[in-house]
Amino acid sequence: MYKNIDGCRACGATELTEILAFGDMPLSNGLLSEKQLHEPEARFPLTVVFCPECSLVQIRETVAPEILFPPDYPYFSSVSDAWLNHCRGNALELIETRNLGPSSLVLEIASNDGYLLKNYKENGIPVLGVDPAAGVAEVARNIGIPTRVEFFGRQAAESIAAEGIRADVIHANNVLAHVADLRGVVDGIRIVLKDTGVAVIEAPYLRDLIDHCEFDTIYHEHLCYFSVTAVSRLFARQGLVLTDVRRLPTHGGSIRMFVQRSGTPSVAVRRLLAEEQAIGVGRESYYQDFAARVRSVQTSLVSMLESLKADGKRIAGYAVSAKGAILLNSAGVDGRLVDYVVDRSPHKQGKYMPGIHLPIYHPDRLLDAPVPDYLLLLAWNFKDEIIRQQQPYQERGGQFIVPIPSPQILSATVVGEQA
């Protein structure tokens, strides 16, 4: 069901340095039915390692993709309004800057429910989605987004190219980190990309993860954690060029990479490479105290929740996210400290969180008496959006707890500014 890598996922080097070990963790998106609560639950080791040869940070374990991404995979991108707006802005910008039209083609790897490609379709631009999860692919097809149900890699790319299909734009949002065959996926991008095309790839940024102690971004689906140093070397080995990069606030800090068959790295690429070299992203010393800082956040969160519970306070969680599953399970936060979790996705309601088995309800539950005194934001990267949505909860006296980068209860002033 899983195996340990015998070399770096990017360069193949065998000498890897351990940064952080979580121990055995459940699958972060492995939601359970009530019946499954009484059955054995799969758990797998979760260990973060660093490659001194190419600077890639990655996890040692590879869980079989058919286990990670089953047909009923519960993640639907369209649940978050902020994410939809972010992606729409990206699409509209590319339509203009790349002069896309009816003779163009936009392909998305891990296209989910069509959340991004629909923006191109609405503007008369042909699209093609590729996603291994049949459930989300069916949702995309129902809104007119042609979608192939398969994992994207070298073989899938060759099959697509053999049909005469090549893309002007390839999107890969938060997917490059999810693939075991990293080199195969990058090679697949090269195969399908037109000579004048561009691949636009977003991924959480390693510097933000380390500097802000965003350890809950680490889970079995996320096999790799990218610095600009590591990705520029990865693309170069596969015959591609990282021509531009932007830092983004999404998901706690991300980078948007522009990759082409030929070209010259931009000033932004050269600047980030220089910054990473200066702070030592390619050296083991940069990661030395990360594990200790993670333990400190976990301990502080448990202490805060225990203190609130001792005072008789009611606590619920918001958002059944992969982040939340890792945060709660790795810190040992269960039903003793959090009563239940709510989520907007109907595909998650009525189920239970992996490992800690907290029940999942509709957000309306927050307004039922007794109203929780505190709401622990498990998708803290969307805290502004959640706070705006939960104005009625605030009017009933509810307060918010943000766990990362260090646990804090948001003051009324801060909440007012974000609302």
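What comes next is a walk through the structure. If you're wondering where the values come from, they're calculated on a predicted model, not measured in any experiment.

How each quantity is defined
Residues numbered from 1 in each chain as written. Predicted model: local features only at pLDDT ≥ 70, side-chain atom pairs only at ≥ 80, totals over all residues. Heavy atoms only, no water. Helix = DSSP H or I, 4+ residues; strand = E, 2+ residues; numbered from the N terminus. Rg over C-alpha atoms; globule rule 2.2 N^0.38 Å. Buried < 20%, exposed > 50% of the residue type's maximum accessible area, 1.4 Å probe, protein only. Contact = heavy atoms within 4.5 Å. Areas by Shrake-Rupley, 256 points an atom, 1.4 Å probe, with all protein chains shown as cover. Lys, Arg positive; Asp, Glu negative; His and termini not counted. Charge placed at Lys NZ, Arg CZ, Asp CG, Glu CD. Phe/Tyr/Trp six-rings, centres within 6.5 Å; stacked < 30°, edge-to-face > 60°. Expected span 1.5 Å × (residues − 1). Arc of directions from axis to C-beta.

1. So, the overall build of the protein chain
Of the regular secondary structure elements, the protein chain holds 14 helices and 19 strands. Whereas a compact globule of 419 residues would reach a radius of gyration of roughly 22 Å, the protein chain reaches 21 Å, a difference of no more than 12%. Considering the protein chain as a whole, with its 419 residues, one finds that 58% of them fall into the buried category. Considering only residue pairs separated by 6 or more positions, the protein chain has 70% of its internal contacts joining residues 24 or more positions apart. Of the roughly 16,600 Å² of accessible surface on the protein chain, 49% is carried by carbon and sulfur atoms. Here the protein chain holds 40 positive side-chain charges and 49 negative ones, and the gap between their average locations is 3 Å.

2. Remarks on the packing of aromatic side chains
How two aromatic rings sit relative to each other is given by the distance of their centres and the angle of their planes. Applying the stated rule across the entire model yields 7 aromatic pairs. Taken together, a centroid distance of 5.8 Å and an interplanar angle of 70° make the contact between Tyr 2 and Phe 44 edge-to-face. Placement of Tyr 2 in strand S1 (residues 2–4) and of Phe 44 in strand S3 (residues 43–50) is noted, with a sequence separation of 42 residues between them. Residue class for Tyr 2 comes out partly exposed when judged on its relative accessible area of 36%. The class of Phe 44 is buried, set by a relative accessible area of 3%.

3. Some remarks on helix H9 (residues 267–279)
Taking 1.5 Å per residue as the helical rise, H9 with its 13 residues ought to reach 18 Å, and the 18 Å between its terminal C-alpha atoms agrees with that figure. Inspection of H9 places Ala 268, Val 269, Leu 272 and Glu 276 among the buried residues, and these make up the whole buried set. End-on view of H9: buried residues confined to an arc of 100°, all on one side of the axis. Away from its buried face, by an angle of more than 90 degrees, H9 presents the exposed residues Val 267, Gln 277 and Ala 278.

4. Some points on the environment of Ala 91
Here Ala 91 shows up in helix H2 (residues 81–97). Judged by its relative accessible area of 0%, Ala 91 is buried. Measuring from C-alpha to C-alpha, the distance between Ala 91 and Val 106 comes to 9.8 Å, with 15 residues separating the pair along the chain. With sequence-adjacent residues up to four places away left out, Ala 91 is seen in contact with Leu 116, Asn 119 and Tyr 120.

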